[in-house]
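Here are the chains, one letter per residue:
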Amino acid sequence: MRAILKICGAAFRKNRIRNLINLITFMLAALIFTVGIAMLSMSQEPFDRTFDKLNTSHKLIYCGDNSYDTDDIARFWEGREEVENVSMLDMFTLQGKVGINGETIDTYLVLCEYPKDDDRNRVMVIEGTEELGENEIWISTQFAYDNNIKVGSFLSTPVKNGVEDYKVTAIVVDPHYCVGVNNPSRAWVAKGELKRNFTDETGKLIGLRYKQYSDAQEDELWAAFEQHLGKAYQGICKDYRTLVKEYRSSYSSIGAVMITLSAIIILFCCVIISYIISYSISEDYVTIGVLKSEGFSTGQIIGSYVFQYLIMIWIAVPIGGFLSFGTIKALSDSITKTLGVVSDNSMYIGALAVSFIVFTLIVALVTMRASIKIGKIKPSQAIRYGAPAEEVRECKFKIRDRKYLGTKLQLSIQDLLSKKKHSLIVAFAFLITGLILSFAYTTTNTYKEILFDPGLVGWDESEFSLSNSHRTSATDSELEEILDKEDIECWVPIQFISTGTIKFDDSLTRTVMGYAYGGDMDSVSVKNYVGTNPHEDNEISVGSRLAHRVGKTIGDTIEVDFGEYKKAFVITGIFETLNNDGYLYRIKQTALEEKDRLNDVYQIVLKEGTDKDTYRKHLVEAYGDAFDIQDNEKFVEKKFGNLMMLINLIAVLVSFIITIVCIVSIYNLNNTDISGSKRIFGIYKTFGMSYRQIRNIIMNKNILCGVVGAVIGIIVGYFGTGFIIKGIMSGIGLYHVVITNKVAPLLIVVLICVLLSIFSTLFSTRKIAQINPRNLIID
Amino acid sequence: MSSKKTIIECRDMCKSYQTGKEMVPVLNNLNIEIYEGDFTVIMGNSGSGKSTFLYSVSGLDNVTGGKVIYDGKEVQDLKEKQMVEFRRKEIGFVFQAICLVPNFTVMENVSVPGFLCEKNKRKVVDRASRLLEMMELKSEMKRLPSQISGGQQQKVAIARGLINSPRILFADEPTGALNSKQGENVLDVMTRLNEQGQSIVMVTHDIKAACRANRILFLRDGVIDGVLELSLYTPEDEDRREQEIYEFIKKRGW
């Protein structure tokens, strides 16, 4: 063992720079890998932990208007053996303007009285007091962070007799309301507050917790429930699986992408290790012969190579893991913030341990595999000849008197073709760089387009949404009068339909959210990815996920049950939407019976050249707080800004690391190449080639490899990214994502690769200048 | 005083190598002139500094003291660009270890150095063909060095050294790695070149090779120990020349 350690020590000293570069590469790969592992574990474990800890219901059934016999519903569920417990809470839906610290915000809240002594549906106070009193309110983390509400703030809330201030005494983790887009969100008040201040007739919020949870069981139970009701349930439901999907989709997909990227880097490292070990064996040919003649076994010599790289891994992985701590901490903090999970670093330590084991195993196997040919070296041959017999193959590309191709470029091409393995590895390095840079660029842009395209989140291209949903100050006619102003290009009223149900199959129906448009959908650019908007009362456009689930397409008929009546519609268009998990439909408002028509919101498109802020200011000044005005662009930005930031952060981090890995790898490969080609460079110098010309030969070669690799990488990245994004997006209901790519920035990626090859060549070829031809040839 | 034109002049030339912390002197204040059109041979024992002398005067290695003057210019003072021009146009070099580029064909090995300094590539190819023809290698020009014999390889190296019509051809034991027949063949080529006016400086420890020269410089411990002037070589004269060289060496106690 001591002998192996000594050989390792000598090898480290001999190839200090090469080993340092390998160490940096492993370190960066470990960094990405550790973050990826941490992200995957984040997407799973903390959510389940919080859910179980707080004994949260898997399903919340909103019975707000008492149109259902809630006791009967509760009895039905209590009678099912699959259900562990049924909870029932008084609730009141608060919809309208609430004042916070002098400003007003539009809110859609379900107020519930917190069951102090009940161990079901607990919440976790992460900031504030554990007691709720009169005129005090607890709000969920998501609602608080979205609206920048702190403990101690006052909510000026509309109550039975005007407006009352409710003091926020705690921000709580309420699992169903801590992630995603929550409409409504939930807030808690003390026992008796609802009847005292808000309503005489409270609704009920029924919670179901299952003994064992599965999607199939849930669908089966729901079908049985509707059979019991004798009709489809037409209220709002909140589902654990939808929630989990929303929560996990971003983390797990990004985590998986990071693991994939780090796997590519690890693969790349393995290729480089194999190449370098092959080279080292040729370089150490005599030493190996001498060691063998001194009685060292093949196993011991292989062991010295394996051990050398393992030591490198054991240094690199903890450093890489340590550097990943900041990123993991930032991510885990965001989870702590929304889920209230105590950050105890276990996630980090676990990810680091996994990285350590994975890297150790991979590197040990690759090193052993690469150094296996040591067994074939015969001591006498090694000592006598000093180098393995080299097989020189004829290169088909000949250097000749080409008019339009310079000698140096011809030399580069021939060198490239003669050293196929080396060239392939360099091209592979650039392929990965091109792939990942184009991946980062395409992902960021595609997500940006998706998330900031209102058409894709269930909206349209209107600038503002004006609503009068609380109907306290203005009538619809007053509102419509406002809209007939010269600043406005057009407006269309929309009604939200939350009671329509659609049959998914023979036994299962679901309440599906719908929008009924009181005007021309085309005028506010409502989008479909295929087909057209409904123009007749019997026409409908459906969300892609809904179309997928019911197995229907354009021209098919779909029936919507509005409770009191059913109506069949012909599908004219299918659209993408992130809203309501992709289950959504759009119809003309005139398709509804006249008594049911009620405008909830007005979509406004301003005339070209009208300044949005000025218009908004003017509206507020003229009509005060009579209406809710929502800037649609800001709304989407607010909802998806964090996810976008996370994606950007990951894209920048990965691009940065890959760029560094590429530079150091090319530097390392060049060093190895130059060491192996010293004699040839010496000959070149002898017959009058300058250092710059030799450097340019290597540079041209690397640039050629870089361009070829980068272009392939970009093409693979383009299609691969599309494939990955489409896979992720189909999980949240977007089946026809348009991948956003532009040629010019992708050409910049090629340029970046060219620059990388130039820089890494400049760094690695400097030593050629210092060596005189004699030494090059004799060495 | 010789009437020949001096092509290279060494004045107090010194060369030392660093071995660990010590400087080991190899050439000590060496003063010598090399004349145009001569076939000059450097002889000496192992470690006498023959190869070091050759590399130093040809500009492939730096001197650590004194001057090497080529055509009135000090070689050690040449800037990188001038040095590159010097190596391209003024000298050709032939190594003992042959040193052909293994993945170049015979033709490429000869023509590539020519492409570097001649813009008319056609002209280079023509000259390379002529040189290879002269070396009786025309039929081998598409082969790789590994596909021809050692003697043929060395002739390719000579052709490469001559592609830019250098004023002086340096050869470091060009027959050292060859068998006697191949060596003879190579020496014949060099003799023929010299007859055509090519200046040659060759290092050898082989008397048979040395007798091709018209001037032999004997090196001992980094200094010139003696100079032997000979008449021009003829094959019939070979035995006598060998004897003369042998006696000269013997007189110096080698």
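Residues numbered from 1 in each chain as written. Chains lettered and ligands numbered in written order. Predicted model: local features only at pLDDT ≥ 70, side-chain atom pairs only at ≥ 80, totals over all residues.

*Asks:* So what's going on with the overall build of chain B? Residues and values would help.
*Replies:* If you tally the helices and strands in chain B, you get eight helices and 10 strands. With respect to the three principal axes, the spread of C-alpha positions in chain B is 50 × 45 × 40 Å. Counting the 254 residues in chain B, one finds 48% classified as buried. Taking as baseline every contact in chain B between residues at least 6 positions apart, the subset at least 24 positions apart corresponds to 69%. (Helix = DSSP H or I, 4+ residues; strand = E, 2+ residues; numbered from the N terminus. Buried ≥ 20, exposed ≤ 12 C-beta atoms within 10 Å, placed from the backbone. Contact = placed C-beta atoms within 7 Å.)

*Asks:* So what's going on with the sheet that holds strand β2 (residues 22-35) of chain B? Which residues, and what values?
*Replies:* All names here are of chain B. On the basis of which strands lie adjacent, the open sheet formed by four strands has the order β2-β1-β4-β5 and antiparallel pairing. Two strands bound the open sheet, and with one partner strand each, they are β2 and β5 (73-74). Inspection of the sheet shows strand β4 (residues 65-70) paired to β5 by two bridges, in the antiparallel sense. The residue of β5 that forms the bridge with tyrosine 70 is lysine 73. The sheet contacts of helix α1 (residues 50-57) involve β1 (6-19), β2 and β4, and relative to β1 the element is tilted by about 120 degrees. (Pairing = 2+ DSSP bridges. Axes fitted to C-alpha atoms, helices over the stretch in contact; angles between N-to-C directions.)

*Asks:* Report on the interface of chain B and chain A, specifying residues and quantitative values.
*Replies:* The interface of chain B with chain A comprises 28 residues on the first partner and 21 residues on the second. Within the residue set of the side of chain B that touches chain A, elements represented by two or more residues are α2 (80-90), α3 (106-117) and α4 (121-134) of chain B. Looking at the side of chain B that touches chain A, the element that brings in the most residues is α3 of chain B, giving six residues. The residue makeup of the side of chain B that touches chain A, split by class, is 16 nonpolar, four polar and eight charged. (Nonpolar A, V, L, I, M, F, W, Y, C, P; charged D, E, K, R; others polar.)

*Asks:* I'd like to hear about helix α8 (residues 238-251) of chain B, residue by residue, with values.
*Replies:* The terminal C-alpha atoms of α8 of chain B, which comprises 14 residues, lie 20 Å apart, in line with the 20 Å expected from a rise of 1.5 Å per residue. Where α8 of chain B ends, the next residue or the one after it, glycine 253 of chain B, has phi of about 75 degrees, a positive value. (Expected span 1.5 Å × (residues − 1).)

*Asks:* Go over the packing of α3 of chain B against α4 of chain B, please, and point to the residues and values.
*Replies:* All names here are of chain B. Between α3 and α4, whose axes approach to 9 Å, the crossing angle comes to 135 degrees. Taken together, the axes of α3 and α4 lie oblique to each other. Here α3 and α4 pass one another in a crossing that is right-handed. Residue-level inspection shows Val106, Met107, Val110, Ser111, Gly114 and Phe115 of α3 in contact with α4, the latter providing Lys121, Val124, Val125, Arg127, Ala128, Leu131 and Leu132. Here the contact of α3 with α4 is composed, by residue class, of nine nonpolar, two polar and two charged. (Parallel < 35°, antiparallel > 145°, perpendicular 65-115°, else oblique. Left-handed = near helix turned anticlockwise from the far one by under 90°.)

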